[in-house]
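Residue-level structure breakdown
One letter stands for each residue in the lines below.
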Amino acid sequence: MDATDHLKASLEAAIALANATGAEWNQGRARSPLDEVTVEAVLRLTTNRMPSIDDAAVAEFAAGGERIHRALVQLAEAETDAAASAINDLLASTRAAPVLVRHPESAWHLHFATEGVSVATGWLAEFGTATAMLLGSDELDRLRSCAAERCDNLFLDATRNHRQRFCSTACQNRTKVAAFRSRSAHS
Ligand SMILES: [Zn+2]
Ligand SMILES: [Zn+2]
């Protein structure tokens, strides 16, 4: 994993957290309140060193995730100035600062948590940084909202021709079935 891959993984995690906290609908279901299991699933996208997540951390991830969601929606809708100032606020409030660290048996790599902040704040600092780097990159035009009904998920289009419309095969299939039903209803 090189430095860029590390931040890409954190960006995927930031988007997953945003979807779990800021979207009204996830893949046809009303979003449920954030819980410890979902936070761990988000973090697993970017780390294999799982911190312990208590209720206070969940609440902090929920609030931070909503802020990231708003900024990502603004980015997806080309409201770049608003997104930039929202991301700057997040970076400032999490006191994000690059620092090289090395865990036992790992190589030196960047973290963005200032010493003394909570676990959640440290991760939100990293997610804010990953989102900030998206703003200045070619990857930005891969960010979009799911085209399915009852899904507000954001995703990064992974296809070569940039034509992915849905966040998941679940949403793609749901949309196909709905289109088939409405055609049948009219015949
Ligand atoms: Zn690390
Ligand atoms: Zn979707």
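Conventions adopted
- Every chain is numbered independently, its residues counted from 1 as its sequence is written.
- The order in which chains are written sets their letters, starting at A; the order in which ligands are written sets their numbers, starting at 1.
- Local features in a predicted model are, by the rule used here, given only for residues with pLDDT of at least 70; side-chain atom pairs are given and counted only at 80 or more, and totals for whole chains, interfaces and linings are based on all residues.
- In computing side-chain properties, one takes all heavy atoms of the structure into account and sets aside hydrogens as well as water.
- The axes used here are C-alpha line fits, helices contributing only the stretch in contact, and every angle between their N-to-C directions lies in the interval 0 to 180 degrees.
- Numbering of helices and strands starts at the N terminus; helices are DSSP runs of H or I of at least 4 residues and strands are runs of E of at least 2.
- Here the angle decides the label: under 35 degrees means roughly parallel, over 145 means roughly antiparallel, 65 to 115 means roughly perpendicular, and every other value means oblique.
- For any helix crossing, the convention is left-handed if the near helix is rotated counterclockwise from the far helix by under a right angle, and right-handed if that rotation is clockwise.
- Two residues form a contact once any of their heavy atoms are found within 4.5 Å.
- Each residue gets one of three labels, nonpolar for Ala, Val, Leu, Ile, Met, Phe, Trp, Tyr, Cys and Pro, charged for Asp, Glu, Lys and Arg, and polar for the others, Gly among them.
- Here, nonpolar core refers to any group of buried Ala, Val, Leu, Ile, Met, Phe, Trp, Tyr and Cys residues whose side-chain atoms link them within 4.5 Å.
- Note on exposure labels: buried denotes an accessible area under 20% of the residue type's maximum, exposed denotes more than 50%, and partly exposed covers the range between, all computed with a 1.4 Å probe on protein chains only.
- Donor atoms (N, O, S) are those found within 2.8 Å of the metal centre, with the cutoff raised to 3.2 Å for Na, K and Ca; water is not part of the atom list, so apparent gaps in a site can occur.
- For a four-donor site, all angles between 85 and 135 degrees give tetrahedral; for four or six donors, opposite pairs above 155 degrees with the remaining angles between 65 and 115 give square planar or octahedral; all remaining cases count as irregular.
- Expected helix span is taken as 1.5 Å per residue step, with the number of steps being one fewer than the number of residues.
- UniProt positions are given in the numbering used here, feature names are shortened, and annotations may be inferred rather than shown by experiment.
- The salt bridge definition used is simple: a Lys or Arg side-chain nitrogen within 4 Å of an Asp or Glu carboxyl oxygen.

1. Considering the packing of helix α3 (residues 55-76) against helix α4 (residues 80-93)
Interhelical geometry of α3 versus α4 gives an angle of 155° and a closest axis separation of 8 Å. It follows that α3 is roughly antiparallel to α4 by the angle criterion. Handedness of the α3/α4 crossing: left-handed. Facing α3, whose interface residues are R67, I68, A71, Q74 and L75, α4 presents A82, A83, A86, I87, D89, L90 and S93. Classifying every residue of the contact of α3 with α4 by side-chain character gives eight nonpolar, two polar and two charged.

2. Thoughts on the nonpolar core
Core analysis: the biggest nonpolar cluster contains 34 residues, and F61, I68, L72, F127 and L143 have the highest contact counts within it. Counting only elements with at least two residues in this core, the list comes to α1 (3-22), α2 (36-44), α3, α4, α5 (119-135) and β6 (154-156). At eight residues, the largest contribution of residues to this core is made by α1. With sequence-adjacent residues up to four places away left out, L143 is seen in contact with I15, L72, L75, A76, L134, L154, F155 and L156.

3. What about the coordination of the zinc ion (ligand 2)?
Distances from the zinc ion (ligand 2) to its protein donors, C146 (SG), C151 (SG), C167 (SG) and C171 (SG), fall at 2.3 to 2.4 Å. Here the zinc ion (ligand 2) binds four donor atoms, and the angle range of 105 to 116° at the metal identifies the geometry as tetrahedral. We note that the donor set of the zinc ion (ligand 2) lies within a single chain, spaced as C-x4-C-x15-C-x3-C. With a gap of 20 residues between them, C151 in the loop between β5 (143-145) and β6 and C171 in helix α6 (residues 169-186) connect regions that are remote in the sequence. Of the residues examined, C151 reaches a relative accessible area of 5% and is grouped as buried. The exposure class of C171 is buried, given its relative accessible area of 0%.

4. Regarding the environment of S137
Inspection of the secondary structure assignment puts S137 in the loop between α5 and β5. Distance in space between the C-alpha atoms of S137 and L156 is 13 Å, their sequence separation being 19 residues.

5. Observations regarding α5
When the terminal C-alpha atoms of α5 are compared, their 25 Å separation across 17 residues agrees well with the 24 Å that a helix rising 1.5 Å per residue should span. Along α5, 13 of the 17 residues are buried, which leaves the element largely enclosed by surrounding structure.

6. Concerning the UniProt feature "domain: Zinc finger CGNR" (unreviewed entry) in the protein
Look at the UniProt record and you will see "domain: Zinc finger CGNR" (unreviewed entry) annotated at residues 142-183. Along residues 142-183 one finds 36% helix and 14% strand; the C-alpha atoms at either end are 31 Å apart.

7. Re the coordination of the zinc ion (ligand 1)
The coordination sphere of the zinc ion (ligand 1) contains the protein donors H103 (NE2), H109 (NE2) and H111 (NE2), at a distance range of 2.0 to 2.1 Å. Mapped onto the polypeptide sequence, the residues donating to the zinc ion (ligand 1) form the spacing pattern H-x5-H-x1-H. Here the two residues H103 and H109 agree in accessibility, since each one is buried.

8. Considerations on the pattern of salt bridges
Inspection of every chain in the model, using the stated rule, returns one salt bridge. A salt bridge links R144 to D157, with the shortest nitrogen-to-oxygen separation between them at 2.4 Å. With R144 in strand β5 and D157 in the loop between β6 and α6, this residue pair connects regions lying 13 residues apart in the sequence. Accessibility assignment for this pair places R144 and D157 in one class, buried.

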